[in-house]
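# Coordinate inspection notes
Each chain, written out:
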Amino acid sequence: MNHFRLSRRPDIGEKIRVSFEFFPPKSDEMEERLWDTVKRLAPLSPRFVSVTYGAGGSTRERTIRTVRRILKETDLLPAAHLTCVGADRVEIDGVIAEFATMGVNHFVALRGDPPEGVGSAYRPFPGGYANGAELVAGLKRHGDFDISVSAYPEKHPESPDFATDIEMLKRKVDNGATRAITQFFFDNDLYERYVERVRRAGIYIPIVPGILPVHNIGQVVNFSARCGAHVPDWLRERFEGLERDPQTHALVAAAVAAEQVLDLVERGVGDFHFYTMNRADLAFAICHMIGIRREVARTDSAAA
Ligand code: FAD
């Protein structure tokens, strides 16, 4: 494979579509950072931008506020994440109705993690939706929404095996999910093998890879251990010794993610979802390297 040659093909950006994920800000300072990020990434014309729903439904109001502001102040299409945690069906149906009234027609439907934390047993909230598949069915009762769901190339840590894991994905698709976005991963072979398994199970919706630019390798290693994603040794080695050198860390991170995306393009993937962590620089640089450019930049160079 020759990623360098691929990245120089003039039409490469036209084959790739991206979306960006944000989380709702907790403070005025974080709010400012998010909006700087949104403004910087918006000219890349993402297919949609999604806003997460905090663990235990803790960010409900902030998620709603962020989605409302995206609708009001940008031309971006927001997708609202929603989980089943900590609320009964009546409450969740109320949130769905509120989003729908605002004009949201794309949801990312999730079960969510147990309120006691990842690793403890998940118990559905009394009178609530039990899992992602039930939430998808609930959303469909409200309207003909575009519904994205989660998928796990290394299987969800609670799933005893891939068959059980993919059975849950199948239930979500049977109930109306139109797209799956994967947990982040760093080994593209795992993704490819997972997609083969999914297709063998008769699931044909897009399985969009979730790409996590490595802003901080230490945090990624900790977080990966909790969500069952594997951090390969070669990746740790690339960041070795860069803990106190943020500039080189960022350059390496952009190169690593661009390499991952270009390899996936070569394997036939065209859609990518970036976990931005509300930071624009890495996502922007990676998009630039894979040929996704600001419209204004194309116009400028055409005029030159
Ligand atoms: P589900 O798809 O419902 O289930 C996940 C797996 O658990 C299944 O594959 C299945 O094997 C097993 N399982 C579940 N129920 C059963 C059952 N009854 N019997 C047997 N097995 C079962 N979390 C947030 O809090 N907020 C967010 O905004 C958010 N966004 C995310 C976006 C993406 C793209 C991804 C991949 C994850 C996101 N998460 C978010 C994390 C997610 O909530 C956790 O991974 C959670 O543990 C599982 O939620 P799910 O929707 O994937 O669950």
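Note: the structure precedes this text.
Residues numbered from 1 in each chain as written. Predicted model: local features only at pLDDT ≥ 70, side-chain atom pairs only at ≥ 80, totals over all residues. Heavy atoms only, no water.

Here we take up the layout of surface pockets. Here the second largest pocket is characterised by a volume of approximately 360 Å³. Lining the second largest pocket are 19 residues, and of these His215, Pro246, Ala250, Arg279 and Leu282 sit closest to its centre. Those elements giving two or more residues to the lining of the second largest pocket turn out to be helix H2 (28-41), helix H8 (217-227), helix H10 (246-266) and helix H11 (281-289). By residue number, the principal contributor to the lining of the second largest pocket is H2, which donates 4 residues. Considering only residue class, the lining of the second largest pocket consists of 7 nonpolar, 6 polar and 6 charged. (1 Å grid on protein atoms, 1.4 Å probe; cavity = no way out; pocket = protein on both sides within 12 Å on 5 of 7 lines; lining within 4 Å. Points joined across faces, edges and corners; volume = space filled by probe spheres on them. Helix = DSSP H or I, 4+ residues; strand = E, 2+ residues; numbered from the N terminus. Nonpolar A, V, L, I, M, F, W, Y, C, P; charged D, E, K, R; others polar.)

It is the contact of H2 with helix H3 (residues 60-73), at a shortest axis distance of 13 Å, that shows an interaxial angle of 35°. Our pair here, H2 against H3, has a crossing hand that is right-handed. Facing Glu31, Leu34 and Trp35 of H2, the residues of H3 in contact are Thr66, Arg69 and Ile70. Its residues placed into classes, the contact of H2 with H3 shows 3 nonpolar, 1 polar and 2 charged. (Axes fitted to C-alpha atoms, helices over the stretch in contact; angles between N-to-C directions. Left-handed = near helix turned anticlockwise from the far one by under 90°. Contact = heavy atoms within 4.5 Å.)

Moving on: the site of the ligand. Surrounding the ligand, one finds 22 residues, the nearest of these being Tyr53, Asp113, Ser150, Ser159 and Lys172. A distance of 2.9 Å separates an oxygen atom of the ligand from a polar side-chain atom of histidine 81. One nitrogen or oxygen atom from the main chain of glycine 112 is found 3.3 Å from an oxygen atom belonging to the ligand. Across the complex, the protein chains shield 83% of the 970 Å² of accessible surface that the ligand would expose by itself. If you list the elements that add at least two residues to the shell around the ligand, you get strand E3 (78-83) and helix H6 (162-174). Here the shell around the ligand takes 4 residues from H6, the largest share from any one element. Considering only residue class, the shell around the ligand consists of 7 nonpolar, 11 polar and 4 charged. (Near = heavy atom within 4 Å. Polar contact = N/O pair within 3.5 Å; in protein donor to acceptor, adjacent residues only side chain to side chain. Areas by Shrake-Rupley, 256 points an atom, 1.4 Å probe, with all protein chains shown as cover.)

Let's shift gears to the packing of H6 against helix H7 (residues 188-200). Where H6 contacts H7, the axes come no closer than 10 Å and their chain directions differ by 65°. H7 is crossed by H6, and the crossing has right-handed handedness. Residue-level inspection shows Phe162, Asp165, Ile166 and Leu169 of H6 in contact with H7, the latter providing Tyr194, Arg197 and Val198. Residue composition of the contact of H6 with H7, by class: 5 nonpolar, no polar and 2 charged.

It is worth spelling out the environment of arginine 236 at this point. Structurally, arginine 236 can be placed in helix H9 (residues 233-239). Spatially, the C-alpha atom of arginine 236 lies 9.0 Å from that of glycine 218, the residues being 18 residues apart in sequence. The residues touching arginine 236, leaving out its near neighbours within four places in the chain, are Val221 and Val231.

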